[in-house]
Amino acid sequence: MTQTKEEKTRETGDAYLVASVERAAQLLLIISEMPGSGVTELAAATGMTKSLTFRLLYTLESQGLVRKNAERRTYALGYSALILGERARRQSPLMATAEEVLAALSSKTRENALLLVRDGLSSMCIAMKESPQPLRIFAAVGRAGPLHAGGGPKVLLAFAPEDVRATVLSGPLEAFTDQTIVAPEALEASLARIRRDGQTLSVGELDPNTFSIAAPVRDHSGTVVAALSVNGPTARLDPASEPVFLSEVLDHAVQLSRQLGWAGHDAAVLR
């Protein structure tokens, strides 16, 4: 049964929340992850009725945010969504500045270069430059992940507000591989090392046979706003390549931080 505005307000405690807009935004995000889905699948994914899902899809389609494949009766993002995404990229100082840094980092390391931010209790890849090598690790812009596993996510968690760290540490820590740290005490110690060192190396914590080396990116105030990382197959991580990858990540994180207005001078001040 569709909730009234009053019911929604009582649940969230936010009198300014417009439930229909929230549902439409949720539907757009689901479509971005599940393109080619029909009304039944989208309704199940959002928890909405098929009738409400169809009405929202019809409205979004009228604005060009969604396009319908009439033959298959499936939906995907429309061209208006593409325009919004491109304009959002241009209007974000972080994303606009990061493009050249990601390209340079990937060129130097010949691995995927990623920029991640924290979205609540999750990490999200908002920009990347793919490795030029034929064998590379899958990564995608918009891919959401945990905060407690992987190089970039753990950097974000290490420098997150104390209440965020406490929430993650007190909650269930999912084991993605046998290398994932699931003991709160061990994870807390790992985060302390990241804050001390200003960088981290993750091997097989999130995906088997992959590595990630990451460092924090700071804005003009010194706040960590993102994590810059390279990732690739562990077969290409050895005693010779590891220090090279680490040096490049740290140097490019400093470059990006400087361009965002931070008055850092070398990798040491990222700590």
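Counting from 1, residues in each chain are numbered in the order their sequence is written. Side-chain atom pairs in this predicted model are given and counted only at pLDDT of 80 or more, local residue features only at pLDDT of at least 70, and totals for whole chains, interfaces and linings cover all residues. The side-chain figures draw on all heavy atoms in the structure; neither hydrogens nor water molecules are used.

Visitor: Let's hear about helix α3 (residues 39-46): which residues, and what values?
Guide: Each residue gets one of three labels from its accessible area relative to the maximum for its type: buried under 20%, exposed over 50%, partly exposed in between, using a 1.4 Å probe on protein chains only. By definition, any uninterrupted DSSP run of H or I lasting at least four residues is a helix, any uninterrupted run of E lasting at least two residues is a strand, and each is numbered from the N terminus. Of all the positions in α3, only V39, L42, A43 and T46 are classed as buried. Around the axis of α3, the buried residues are gathered within 100° of arc, so they sit on the same side. Only heavy atoms enter the contact rule, under which two residues are in contact if any of them lie within 4.5 Å. In this structure, the buried side of α3 is in contact with α2 (19-33), α4 (50-62) and β2 (74-77). Directly after α3, the chain includes G47, whose backbone phi takes a positive value near 80°. The directions from the helix axis to the C-beta atoms form the arc being described.

Visitor: A description of the pairing of strand β4 (residues 122-129) should follow, citing residues and the corresponding values.
Guide: Pairing geometry for strand β3 (residues 112-119) and β4, over seven bridges, is antiparallel. Bridging across to β4, L115 finds its partner in A127. Where β3 folds back on β4, the antiparallel hairpin that results is connected by two residues, among which G120 adopts a positive phi of roughly 70°. For two strands to be treated as a pair, DSSP must find no fewer than two bridges joining them. Summarising the sheet, β4 and strand β5 (residues 144-145) pair through two bridges and their orientation is antiparallel. Bridging across to β5, S123 finds its partner in G145.

Visitor: Explain the pattern of salt bridges residue by residue, including any values.
Guide: We define a salt bridge as a side-chain nitrogen of Lys or Arg found within 4 Å of a carboxyl oxygen belonging to Asp or Glu. Per the counting criterion, the structure on display carries four salt bridges. In this structure, the salt-bridge partner of D207 is R143, at a minimum N-O distance of 3.9 Å. Of this pair, D207 sits in the loop between β6 (200-203) and β7 (210-218) while R143 sits in the loop between β4 and β5, placing them 64 residues apart in sequence. Residue classification places D207 among the partly exposed residues on the basis of a relative accessible area of 25%. R143 sits in the partly exposed class, given a relative accessible area of 37%. Across the salt bridge formed by R196 and D197, the nearest N and O atoms sit 2.8 Å from each other. Under the relative-accessibility criterion, D197 is labelled partly exposed at 23%.

Visitor: Explain the packing of aromatic side chains to me, using residue names and the numbers behind them.
Guide: Whether two aromatic rings pair depends on their centres lying within 6.5 Å, for rings of Phe, Tyr and Trp, where Trp uses its six-membered ring; planes under 30 degrees apart make the pair stacked, over 60 edge-to-face, and the rest tilted. With the rule as written, the count across this model stands at two aromatic pairs. Note on F54 and Y58: the rings are 6.5 Å apart at their centroids and 35° apart in plane angle, and the pair reads as tilted. With F54 and Y58 both in helix α4 and four residues apart, the pair spans about one turn of that helix. Using a relative accessible area of 39% as the deciding quantity, one classes F54 as partly exposed. Residue classification places Y58 among the exposed residues on the basis of a relative accessible area of 57%. With a centroid separation of 5.4 Å and 15° between ring planes, the pair formed by F211 and F245 is classed as stacked. Here the residue F211 occupies a position in strand β7, and F245 occupies one in helix α10 (residues 241-259), the gap between them amounting to 34 residues. Take F211 and F245: they sit in the same class, and that class is buried. We call a charge positioned above a ring when the Lys NZ or Arg CZ atom is no farther than 6 Å from the ring centre and deviates by at most 35 degrees from the ring normal. For the cation-ring pair, R218 lies above W262, with the distance from its terminal atom to the ring centre recorded as 5.7 Å.

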